[in-house]
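Coordinate analysis (summary)
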Amino acid sequence: MLYNSIFWVIVAIVVIQFIWSQVLAALNRSRMSDTLPPELEGIYDDEEYARQQQYQRENSKLNLIEQSIMTLLMLAVLFSGSLGWLENVLSQYLGNEILVAIALVALATTAMTLVSLPFSYYDTFVTEEKFGFNKSTRPLFFRDTLISLLLSLLLTSVVVGIIVYFVQLSPEWFWLWAWAILTLFSVGVNYFYSELIVPLFNKQTPLEEGELRDSLINLAQQTDFAIKDVYLIDGSKRSTKANAYFAGFGSKKRICLYDTLLDQMDTEEITAVLAHEIGHYKKRHIITSMIRGVLISGFQLWLMSLFLKSPALATALGSKTGEASIILGIIAFGMLFGPISELLNLGENVISRANEYQADAFAAQYDHAESLIGGLKKISSQALSNMTPHPLVVFWNYSHPTLLQRMAALGVGKPSV
């Protein structure tokens, strides 16, 4: 195999990304302590804080092992030229370049799923079980894994198939055509997410009549937020951890609450969480996030169009033909794009954290600041969340501010346990 300059750049990117992720993990571990920090008094007690620290240590150790193995396997694939060899074998049997591309990506996706499966299994049935979070059964776990894999294969096949088709149809302008089609596809998936994707994993039922539903509907009316209903997600069949989210847009917008949320929070606190979610909608965070995503995908496709014709990309991944390969070029470009993607994600996280502050402030306008912080405190403490991560980790990885940062921004003191 010819190890050209692009090959070594890709290897360097893979190694540097692994090292950087572990530097961040080490910085988080450096913040660990056996003594409860003063700022967490009233949020964690000594016993729960000790559990949280142990939970963090075990997750960090598992992540280190998984990332190390994944990185070593990636390097083995690169140095062996396996992708180039596999493309050659598939070409002999399938012939059609679109089918070859879809098959290659499908096999790679399946392989990555199988490699990560033992770690996911251990996390669910050992770590999460040990700390009292897991409610999933083994049949449900493997069903979820299979559905997730099939869904991933479907989506990647559509994306790869569209790109390769338009490269063949219009090499100069494929990026523009592919961008348009993929944008429509992405918008459609987001629009029908609650109706098409969520039912594959969870049951959604309208919230029953009662005090909570009345409070939420009243809030929607107060904030001039048109909504048909609030839906309950049966998250308790997998975990005790709670969540709430906003899905869809337009006539398909929907507020979804995990049923575990009802066990952990009172009516006022859940209403405050809904006020926060409505704040995202009123501040146009959802639509602006979609627009940014569309623009970034267009930029990525345009940039890829400048490099895709280069035979050096295919050679870097093990092709021995000396000719350009669409699918190997796409994969190689994806690896080369990694550092740019990191910076784009960094910028997106900065914007996302600012949006969270704005949504919190919106909830506070309707006198829900205390209840919101009270609810977030319960969710965070019961999930054993790390509330004192290293500032660089927050800056680089966190899409949400920490609980302490949100408390400070709202001027709300530490709630009592």
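Residues numbered from 1 in each chain as written. Predicted model: local features only at pLDDT ≥ 70, side-chain atom pairs only at ≥ 80, totals over all residues. Heavy atoms only, no water.

Re the overall build of the protein
When you go through the protein residue by residue, the secondary structure sums to 17 helices and four strands. At 24 Å, the protein has a C-alpha radius of gyration in line with the 22 Å of a compact globule built from 417 residues. With respect to the principal axes defined by its C-alpha atoms, the protein has extents near 65 × 50 × 40 Å. The burial tally for the protein puts 46% of its 417 residues in the buried class. Just so you have it, the protein exposes about 20,800 Å², and 62% of that area is on carbon and sulfur atoms. Charged side chains in the protein number 29 positive and 37 negative. The centres of these two groups are separated by 3 Å. (Helix = DSSP H or I, 4+ residues; strand = E, 2+ residues; numbered from the N terminus. Rg over C-alpha atoms; globule rule 2.2 N^0.38 Å. Buried < 20%, exposed > 50% of the residue type's maximum accessible area, 1.4 Å probe, protein only. Areas by Shrake-Rupley, 256 points an atom, 1.4 Å probe, with all protein chains shown as cover. Lys, Arg positive; Asp, Glu negative; His and termini not counted. Charge placed at Lys NZ, Arg CZ, Asp CG, Glu CD.)

Thoughts on the packing of helix 10 (residues 267-282) against helix 15 (residues 369-382)
Remark: helix 10 packs on helix 15, axes separated minimally by 8 Å, with the N-to-C direction vectors making an angle of 100°. Classed by the angle they form, the pair helix 10 and helix 15 counts as roughly perpendicular. Here E268, E269, A272, V273 and H276 of helix 10 lie close against helix 15, whose contacting residues are S371, L372, G374, G375 and K378. Among the residues forming the contact of helix 10 with helix 15, the class breakdown is three nonpolar, four polar and three charged. (Axes fitted to C-alpha atoms, helices over the stretch in contact; angles between N-to-C directions. Parallel < 35°, antiparallel > 145°, perpendicular 65-115°, else oblique. Contact = heavy atoms within 4.5 Å. Nonpolar A, V, L, I, M, F, W, Y, C, P; charged D, E, K, R; others polar.)

Some words on helix 3 (residues 82-94)
Under the 1.5 Å per step criterion, the end-to-end length of helix 3 is 18 Å for 13 residues, consistent within 8% with the ideal 18 Å. Along helix 3, the positions that sit buried rather than exposed are L83, G84, E87 and L90. Looking down the long axis of helix 3, one finds its buried residues gathered within 125° of arc, a one-sided arrangement. Turned more than 90 degrees away from the buried face of helix 3, the exposed residues are W85, Q92 and Y93. Structurally, helix 3 contributes buried residues whose contacts are with helix 2 (46-80), helix 4 (97-130) and helix 13 (326-336). Among the residues trailing helix 3, G95 stands out with phi positive, at a value near 80°. (Expected span 1.5 Å × (residues − 1). Arc of directions from axis to C-beta.)

Let's talk about a nonpolar patch on the surface
A contiguous nonpolar surface patch, about 450 Å² in accessible area, is contributed by F299, W302, L306, F307 and I340. Element by element, the count of residues in the nonpolar patch is highest for helix 11 (residues 285-307), at four residues. With respect to the element layout, I340 can be found in helix 14 (residues 338-365). (Patch = residues over 30% accessible without salt bridge, like charges linked within 9 Å, V, L, I, M, F, W, Y side chains within 5 Å. Salt bridge = Lys/Arg side-chain N within 4 Å of Asp/Glu carboxyl O.)

Comments concerning unusual backbone geometry
Positive phi, normally seen in glycine, also occurs at D224, with a value near 55°. Of note, D224 is situated in the loop between helix 8 (211-222) and strand 2 (230-233). Residue D224 is classed as exposed on the basis of its relative accessible area, which comes to 63%. If you check the backbone angles, L384 has positive phi at about 55° while not being a glycine. Residue position: L384 is located in the loop between helix 15 and helix 16 (391-397). Taking the relative accessible area as the measure of exposure, L384 reaches 2% and is therefore buried.

Let's talk about the packing of aromatic side chains
Counted under the stated rule, the structure contains 24 aromatic pairs. Ring centres of F125 and F141 lie 5.4 Å apart, and the angle between their planes is 75°; on these two criteria the pair is classed as edge-to-face. Placement of the pair is F125 in helix 4 and F141 in helix 5 (residues 138-169), with a sequence separation of 16 residues. Across the pair, F141 and F125 agree in class, each one buried. Taking the centre distance of 6.2 Å and the plane angle of 20° together, the rings of W175 and W179 count as stacked. Here W179 and W175 lie together in helix 6 (residues 174-191), a separation of four residues that amounts to about one turn. On the basis of relative accessibility, which here comes to 15%, the residue W175 falls in the buried class. (Phe/Tyr/Trp six-rings, centres within 6.5 Å; stacked < 30°, edge-to-face > 60°.)

Here we look at the pattern of salt bridges
Applying the stated criterion across every chain yields a total of 13 salt bridges. A salt bridge links D234 to K237; its shortest N-O distance comes to 3.5 Å. Given the relative accessible area of 30%, K237 is considered partly exposed. Two residues, E269 and K378, come together in a salt bridge whose shortest N-O distance is 3.0 Å. Highlighted residues: E269 in helix 10 and K378 in helix 15, separated in sequence by 109 residues. Overall, K378 belongs to the partly exposed group, its relative accessible area being 24%. Each of R143, D144 and R238 takes part in a single network of salt bridges with overlapping partners.

Structural notes on the environment of I147
Its location among the elements puts I147 in helix 5. Assessed through its relative accessible area of 17%, I147 is described here as buried. Note: C-alpha distance between I147 and L207 (60 residues apart in sequence) is 27 Å. Leaving out residues up to four positions away in the same chain, I147 has contacts with L200 and F201.

What to know about the sheet that holds strand 1 (residues 204-206)
In spatial order, the strands read 1-2-4-3; together these four strands make up an open sheet with mixed pairing. For this open sheet the edge positions go to strand 1 and strand 3 (244-247), each flanked by a neighbour on one side alone. Here the strands of the sheet are splayed against their neighbours by 30° on average, with no regard to which way each runs. With four bridges connecting them, strand 2 and strand 4 (residues 254-258) associate as parallel partners. Each bridged residue has a counterpart across the sheet, and for I233 the counterpart in strand 4 is Y258. (Pairing = 2+ DSSP bridges.)

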